[in-house]
Amino acid sequence: GFDIADKAIIQSKLDGSIIKNWKVTNTNFSRCDLNAVRVESCVFTNVDFSAVDILSSIFSNCQFINCNFDEAHISDCDFINSHFRKSTMTNCRFLKSIIKNSLLLETNLVSSTMLLNKYYSTSFSNMTLGKCTFDYHIMRDCMFGSVKLNTGCLAYFYGCTANQLK
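This report concerns the structure included in the present document. (Residues numbered from 1 in each chain as written. Predicted model: local features only at pLDDT ≥ 70, side-chain atom pairs only at ≥ 80, totals over all residues. Heavy atoms only, no water.)

### Remarks on empty space enclosed by the protein
Summed over all chains, the structure comprises two cavities of 30 Å³ or more. What lines the largest cavity is Leu14, Ile19, Trp22, Phe29, Leu34, Val37, Val39, Phe44, Phe49 and Phe59. Partitioned by chemical class, the residues of the lining of the largest cavity number ten nonpolar, no polar and no charged. In this model, the second largest cavity occupies a volume close to 40 Å³. Together, Phe84, Met89, Phe94, Ile99, Leu104, Met114 and Tyr119 line the second largest cavity. Considered class by class, the residues forming the lining of the second largest cavity number seven nonpolar, no polar and no charged. (1 Å grid on protein atoms, 1.4 Å probe; cavity = no way out; pocket = protein on both sides within 12 Å on 5 of 7 lines; lining within 4 Å. Points joined across faces, edges and corners; volume = space filled by probe spheres on them. Nonpolar A, V, L, I, M, F, W, Y, C, P; charged D, E, K, R; others polar.)

### A closer look at the packing of aromatic side chains
Tallied over the entire structure, the rule returns 17 aromatic pairs. Measuring from ring centre to ring centre gives 5.3 Å for Phe2 and Trp22, while their planes differ by 45°; the resulting arrangement is tilted. Residue Phe2 is found in strand E1 (residues 2–5), and its partner Trp22 is found in strand E3 (residues 22–25); the two are separated by 20 residues along the sequence. These aromatic residues form a ring-pair network of at least three members: Phe29, Phe44, Phe49, Phe59, Phe64, Phe69, Phe79, Phe84 and Phe94. (Phe/Tyr/Trp six-rings, centres within 6.5 Å; stacked < 30°, edge-to-face > 60°. Helix = DSSP H or I, 4+ residues; strand = E, 2+ residues; numbered from the N terminus.)

### Topic: the pattern of salt bridges
In total, this model carries four salt bridges according to the counting rule given. In this structure, Asp15 and Lys13 form a salt bridge, with 3.0 Å as the shortest nitrogen-oxygen distance. Two residues, Arg38 and Glu40, come together in a salt bridge whose shortest N-O distance is 2.4 Å. According to the relative accessible area criterion, Arg38 is partly exposed, its value standing at 35%. Relative accessible area serves as the criterion here: at 16%, Glu40 is assigned to the buried category. (Salt bridge = Lys/Arg side-chain N within 4 Å of Asp/Glu carboxyl O. Buried < 20%, exposed > 50% of the residue type's maximum accessible area, 1.4 Å probe, protein only.)

Shown next, in the form of structure tokens:
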């Protein structure tokens, strides 16, 4: 493993990196390029990912705890067994990605655009999906607990049953 704490890695190109077993705390990755990266079994706590570009990347067994993704652009990525806890994604663009066996807990999506994602066995808990654009998703075996939904987005959830919206 590799531990990083209290660092500023601002506006760096990390394209094509393979990152495994990192523990990152209180670190600033703002404005970095993380394109075509593979990130496995990492824990990010209090990390600033604001205005990052993350394209065509794979994240597996990762945890994002109290992280900032404000104004980030995330597209064509896979998040497998990954957890977002108490993180913010204000004005984030999260597009055309696959989120599988994952968790979004108390994650702030205010003013974000979440479009054309595929969610498989993913749980959403203690959050609001009403002050963002959250449309045109495929949902399979997803659960919603204490989630406030904008009724406009309900029409655009494909594969979600009434029992999953409790």
